[in-house]
Amino acid sequence: MQTQTGSLLHQAHMTTIEALQSLEEFLGSNRKMPVIDDLVGRKMKQLSKILRSEVENHFAFEENHLFKVFIEQGETGIVTMLTHEHRSILPLALQVSDIAKAAAEGGFTEASWTEFKEAGAELIEREIFHIQKEEMGLLSAIASLVDPEADEELADIYRRDVG
Ligand SMILES: [Fe+2]
Ligand SMILES: [Fe+2]
């Protein structure tokens, strides 16, 4: 049984995975620094927005609201592990997001392109792994730990704070 909260998280995970896969394709098909045309510019802007929202709003919801319910029920192991992963993903995602935004506005420089490729590749790996873990473990844990009333409340908070 899928909870409302679980399906909202799932939708956001899919959006992020898509953005990361498109980043991976972009990195794979541009061995050299690409020129930013309209299409690439829009891509960079969208990537920047999705990454920032994922690590600022989505992570914050998980940590400040969802994980609290888990801790109340003594489920601290999964919370510690996932929070730890958030800490390792957040700065990397913001770094990639900022470079993508700057590229959309004024193109890459050789230095920012190198940084983008390296941080981007590392981010793809860490974040896809994190999402896979949440998809396998977290969603079912929500279904078994969060009662329908709390699910309703959490889903409302998610829609209000994350969208
Ligand atoms: Fe998540
Ligand atoms: Fe997470």
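Residues numbered from 1 in each chain as written. Chains lettered and ligands numbered in written order. Predicted model: local features only at pLDDT ≥ 70, side-chain atom pairs only at ≥ 80, totals over all residues. Heavy atoms only, no water.

## Regarding helix α3 (residues 76-106)
Here α3 is 31 residues long and its end C-alpha atoms lie 45 Å apart, about the 45 Å a rise of 1.5 Å per residue gives. Taking the largest bend as the criterion, α3 deviates by roughly 30°, centred on Ile 89, and proline Pro 91 comes between one and four positions later. Gly 107 sits one or two positions beyond α3 and adopts a positive phi of about 80°. (Helix = DSSP H or I, 4+ residues; strand = E, 2+ residues; numbered from the N terminus. Expected span 1.5 Å × (residues − 1). Bend = angle between axes of the 7 residues up to and from the residue.)

## A closer look at the coordination of the iron ion (ligand 1)
For the iron ion (ligand 1), the protein coordination sphere consists of His 13 (NE2), His 58 (NE2), Glu 62 (OE) and Glu 134 (OE), at 2.0 to 2.3 Å. Between the four donor atoms coordinating the iron ion (ligand 1), the angles at the centre fall across 82 to 171°, so the site counts as irregular. All donors of the iron ion (ligand 1) belong to a single chain; written as a sequence motif, their spacing is H-x44-H-x3-E-x71-E. Between the two metal centres, the iron ion (ligand 1) and the iron ion (ligand 2), the spacing is 3.3 Å, with Glu 62 acting as a shared donor. Of the two residues, His 58 and Glu 62 both sit in helix α2 (residues 38-72), four residues apart, roughly one turn of that helix. The same class applies to His 58 as to Glu 62, namely buried. (Donors = N, O, S within 2.8 Å, 3.2 Å for Na, K, Ca; no water. Tetrahedral: all angles 85-135°; square planar, octahedral: opposite > 155°, others 65-115°. Buried < 20%, exposed > 50% of the residue type's maximum accessible area, 1.4 Å probe, protein only.)

## A few points about the environment of Pro 91
In this fold, Pro 91 is placed in helix α3. The class for Pro 91 is partly exposed, based on a relative accessible area of 47%. Separated by 18 residues in sequence, Pro 91 and Thr 109 place their C-alpha atoms 21 Å apart.

## Some words on the packing of aromatic side chains
What the rule picks out here adds up to six aromatic pairs. The interplanar angle of 90° and the centroid separation of 6.1 Å between the aromatic rings of Phe 26 and Trp 113 together place this pair among those described as edge-to-face. Of the two residues, Phe 26 is situated in helix α1 (residues 4-29) and Trp 113 in helix α4 (residues 110-145); the sequence distance between them amounts to 87 residues. Each of the two residues, Phe 26 as well as Trp 113, counts as buried. When the ring of Phe 108 is compared with that of Phe 116, the centres are 5.1 Å apart and the planes differ by 50°; the resulting orientation is tilted. Of the two residues, Phe 108 and Phe 116, neither departs from the other in class, the shared state being buried. Through pairs of rings, three or more aromatic residues link up here, namely Phe 26, Phe 108, Trp 113 and Phe 116. (Phe/Tyr/Trp six-rings, centres within 6.5 Å; stacked < 30°, edge-to-face > 60°.)

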